[in-house]
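What follows is each chain in one-letter form.
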Amino acid sequence: MKKVQLIFTAMLLLSAIACKKNSSTSPVINGNVSNAEAASMVAGSVSLNSNGVASLAGDATIDAIAIGNLPNACGTIKSDSISRQSSAGSAVTYSYKLKYSYTVDCNSSSQPDSLSGALTYSGSFNGPNLSSSNSGSSIFTVNGLLPTATDFVINGEFKRAGSFSSKVDTTHHGNSNVAIVINSLTILKHSRTIVSGNAAISVTGDVPNKGSFSYTGTLVFNGNGTATLTLNGTVYVIKLDSGDCARV
């Protein structure tokens, strides 16, 4: 099992950077959680610096390259353990632990051509405006291990559940669940950058004494470092590296 310590430099999780509105139209409120707040939860669940789908894609493709080149790899089961945390003295602190498990799948010619993967993780975040803790899981496949393939393609699901508490409005706290079903997330092999793909989105949860909330939508990976989120009919653009989220 491999243990890796990585340092990140940005806010994490569902309120890493709140989705910004480019319109004066009042946001939809659903169980005391606005459409923009739900979009921020999605942004935190897909961006690189908050252990989202983009982070999974980076981890899984690194492991795919290493595992796919093993001799007699067919049927091999490998594990990877990763720790991520903020540097000492940071204004924003976070700590996450991730555990991956992979099985090498081969074609009829006994050549490794895909990985079956599973992820579990947990962690916490504490920033100027919000603190949170969450855990999650993912079951996915990585296709494209053959040397002739130019891309990796990931399909599967990514889930995140946890609690959040606002430091700005102490009455604003509760639980949230984000589910992302990933379809044909395509990553260039030579640069390991996301170039296309889409996903179905579900955001649910509750705020004590103020009700439950539920949002659904779609996500399209644009190939330029961004993804377009349509959530209950409202459109946002998310930066996959930082989690910045802006309403269109």
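A quick note: this is a predicted structure, and the numbers were derived from the prediction, not measured. (Residues numbered from 1 in each chain as written. Predicted model: local features only at pLDDT ≥ 70, side-chain atom pairs only at ≥ 80, totals over all residues. Heavy atoms only, no water.)

*Asks:* It is not clear to me how unusual backbone geometry should be interpreted in this structure. Could you clarify?
*Replies:* Note: most residues except glycine have negative phi, and most peptide bonds are trans. Backbone geometry at Asn-72 places phi at a positive 50°, although glycine is not the residue there. Looking at where Asn-72 falls in the secondary structure, it is placed in the loop between α2 (53–68) and β4 (77–85). A relative accessible area of 75% means that Asn-72 is categorised as exposed. A positive phi angle, near 55°, is found at Arg-192, a position not held by glycine. (Helix = DSSP H or I, 4+ residues; strand = E, 2+ residues; numbered from the N terminus. Buried < 20%, exposed > 50% of the residue type's maximum accessible area, 1.4 Å probe, protein only.)

*Asks:* Can you walk me through the pattern of salt bridges in this structure?
*Replies:* A pair can form between side chains of opposite charge whenever their charged atoms are brought close. Counted according to the given criterion, the structure contains 2 salt bridges. Two residues, Arg-84 and Asp-59, come together in a salt bridge whose shortest N-O distance is 2.7 Å. On the criterion of sequence distance, the pair formed by Arg-84 in strand β4 and Asp-59 in helix α2 is long-range, its members being 25 residues apart. Accessibility assignment for this pair places Arg-84 and Asp-59 in one class, buried. Between Lys-159 and Glu-157 there is a salt bridge; the shortest N-O distance is 4.0 Å. (Salt bridge = Lys/Arg side-chain N within 4 Å of Asp/Glu carboxyl O.)

*Asks:* Please explain a nonpolar patch on the surface as it appears in this structure.
*Replies:* A grouping of Val-235, Val-237 and Val-248 is seen on the molecular surface, where their side chains present a nonpolar patch of about 220 Å² in accessible area. As for its placement among the helices and strands, Val-248 is situated in the segment after β14 (245–247). Exposure remark for Val-248: the relative accessible area of 64% places this residue in the exposed category. (Patch = residues over 30% accessible without salt bridge, like charges linked within 9 Å, V, L, I, M, F, W, Y side chains within 5 Å. Areas by Shrake-Rupley, 256 points an atom, 1.4 Å probe, with all protein chains shown as cover.)

*Asks:* Looking at this model, I keep getting lost on the packing of aromatic side chains. Mind explaining?
*Replies:* Pairs of aromatic rings are described using the distance from one ring centre to the other and the angle between the two planes. Under the counting rule described, the total for this entry stands at 3 aromatic pairs. A ring pair is formed by Tyr-102 and Phe-140, whose centres lie 6.3 Å apart and whose planes are at 80°; its orientation type is edge-to-face. Residue Tyr-102 is found in strand β5 (residues 93–106), and its partner Phe-140 is found in strand β7 (residues 130–143); the two are separated by 38 residues along the sequence. Pairing Tyr-121 with Phe-158 gives two aromatic rings, centres 5.8 Å apart and planes at 15°, and the pair type is stacked. Of the two residues, Tyr-121 is situated in strand β6 (residues 112–126) and Phe-158 in strand β8 (residues 151–166); the sequence distance between them amounts to 37 residues. (Phe/Tyr/Trp six-rings, centres within 6.5 Å; stacked < 30°, edge-to-face > 60°.)

*Asks:* How should I be thinking about the confidence of the model for the protein chain in this particular structure?
*Replies:* In low-pLDDT segments, the atomic positions of the prediction should not be examined closely. On average, residues of the protein chain score 84 in pLDDT, and 83% of them are at 70 or above. Taken element by element, the predicted model of the protein chain shows its lowest mean pLDDT in strand β1 (residues 3–6) (35) and its highest in strand β12 (residues 226–231) (98). Scored below 50 in pLDDT, residues 1–17 shows 57 contacts in the model against residues more than four places distant or in partner chains. (pLDDT = per-residue confidence, 0-100. Contact = heavy atoms within 4.5 Å.)

*Asks:* Sorry if this is basic, but what is going on with the environment of Gly-162 here?
*Replies:* Residue placement: Gly-162 occurs in strand β8. Separated by 16 residues in the primary sequence, Gly-162 and Val-178 have C-alpha atoms spaced 9.3 Å apart. Not counting chain neighbours up to four residues away, the residues in contact with Gly-162 comprise Ser-133, Asn-134, Gly-174, Asn-175 and Ser-176.

*Asks:* Sorry, what's going on with the side chain of Arg-84 here?
*Replies:* You can call Arg-84 buried: its relative accessible area is 4%. Within the local environment of Arg-84, its side chain forms a polar contact with the side chain of Ser-55, the two groups lying 2.9 Å apart. (Polar contact = N/O pair within 3.5 Å; in protein donor to acceptor, adjacent residues only side chain to side chain.)

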